[in-house]
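The chain contents come next:
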Amino acid sequence: MTTQFGKDNLDLAASAEALADSAPTGSLRHAAAKSVAITFATTRDAAQARSTLNGISPDDVRQAALEIFEELSARAD
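Remember, predicted model here, so these are calculated numbers, not experimental data.

Criteria and thresholds
- Residues numbered from 1 in each chain as written.
- Predicted model: local features only at pLDDT ≥ 70, side-chain atom pairs only at ≥ 80, totals over all residues.
- Heavy atoms only, no water.
- Helix = DSSP H or I, 4+ residues; strand = E, 2+ residues; numbered from the N terminus.
- Expected span 1.5 Å × (residues − 1).
- Buried < 20%, exposed > 50% of the residue type's maximum accessible area, 1.4 Å probe, protein only.
- Contact = heavy atoms within 4.5 Å.
- Core = buried A, V, L, I, M, F, W, Y, C linked by side-chain atoms within 4.5 Å.
- Axes fitted to C-alpha atoms, helices over the stretch in contact; angles between N-to-C directions.
- Parallel < 35°, antiparallel > 145°, perpendicular 65-115°, else oblique.
- Left-handed = near helix turned anticlockwise from the far one by under 90°.
- Salt bridge = Lys/Arg side-chain N within 4 Å of Asp/Glu carboxyl O.
- Arc of directions from axis to C-beta.

## Here we look at helix α2 (residues 28–41)
So, step 1. With 14 residues, α2 extends 20 Å between its outermost C-alpha atoms, agreeing within 8% with the 20 Å of an ideal straight helix rising 1.5 Å per residue.
So, step 2. Residues H30, A32, A33, S35, V36, A37, T39 and F40 constitute the buried set of α2.
So, step 3. Close packing links the buried residues of α2 with α1 (9–22), α3 (46–53) and α4 (59–75).

## Details of the nonpolar core
So, step 1. Grouped together as the largest cluster of nonpolar side chains are 22 residues, with contacts concentrated most on V36, F40, L53, A65, I68, F69 and L72.
So, step 2. Looking at this core, the elements that each hand over two or more residues are α1, α2, α3 and α4.
So, step 3. With seven residues, the top contributor of residues to this core is α4.
So, step 4. In this view, L53 contacts S35, V36, T39, R62, A65, L66 and F69; residues no more than four positions away in its chain are not counted.

## Notes on the packing of α2 against α3
So, step 1. In contact at an axis separation of 9 Å, α2 and α3 are set at 135° when each is read in the N-to-C sense. The orientation of α2 with respect to α3, classified from their angle, is oblique. Note on packing geometry: the crossing formed by α2 with α3 is right-handed. Every residue of α3 that contacts α2 at S35, V36, T39 and F40 is listed here: A49, T52 and L53.

## Let's talk about the pattern of salt bridges
So, step 1. The final tally for this structure, using the stated rule, is five salt bridges.
So, step 2. For E17, the salt bridge identified is with K34, shortest N-O distance 2.6 Å. One end of the pair, E17, is in helix α1; the other, K34, is in helix α2, and 17 residues separate them in sequence.
So, step 3. Classification of K34 as partly exposed rests on a relative accessible area of 28%.
So, step 4. E70 serves as the salt-bridge partner of R50, at 3.6 Å between the closest nitrogen and oxygen. Here R50, found in helix α3, pairs with E70, found in helix α4; they are 20 residues apart in sequence, far enough to count as distant.
So, step 5. With a relative accessible area of 30%, R50 lands in the partly exposed category.
So, step 6. Residue classification places E70 among the partly exposed positions, given a relative accessible area of 41%.

## Remarks on α1
So, step 1. Taking 1.5 Å per residue as the helical rise, α1 with its 14 residues ought to reach 20 Å, and the 20 Å between its terminal C-alpha atoms agrees with that figure.
So, step 2. Residues N9, L12, A13, A16, L19 and A20 constitute the buried set of α1. Projected onto a plane normal to the axis of α1, the buried residues spread over an arc of 120° and lie on a single side. Facing away from the buried side of α1 by over 90 degrees, the exposed positions are L10, D21 and S22.
So, step 3. On its buried side, α1 packs onto α2, α3 and α4.

In structure tokens, the structure reads:
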């Protein structure tokens, strides 16, 4: 399904996976990008993905994931 941003969630999941692959394993960015990739791959649209990311813990991973979400969403316009 296409998001309001013009790309579908699977495209955004692939982008998040690429970010995770480029981050050092075990780093905050790696954990957050993996979370975003999984979330995009398992939700219908950007709104549902954004809502789902609010449930991530711990707080630092959630905040980093939301930042990645915003970054990818802005690029998808």
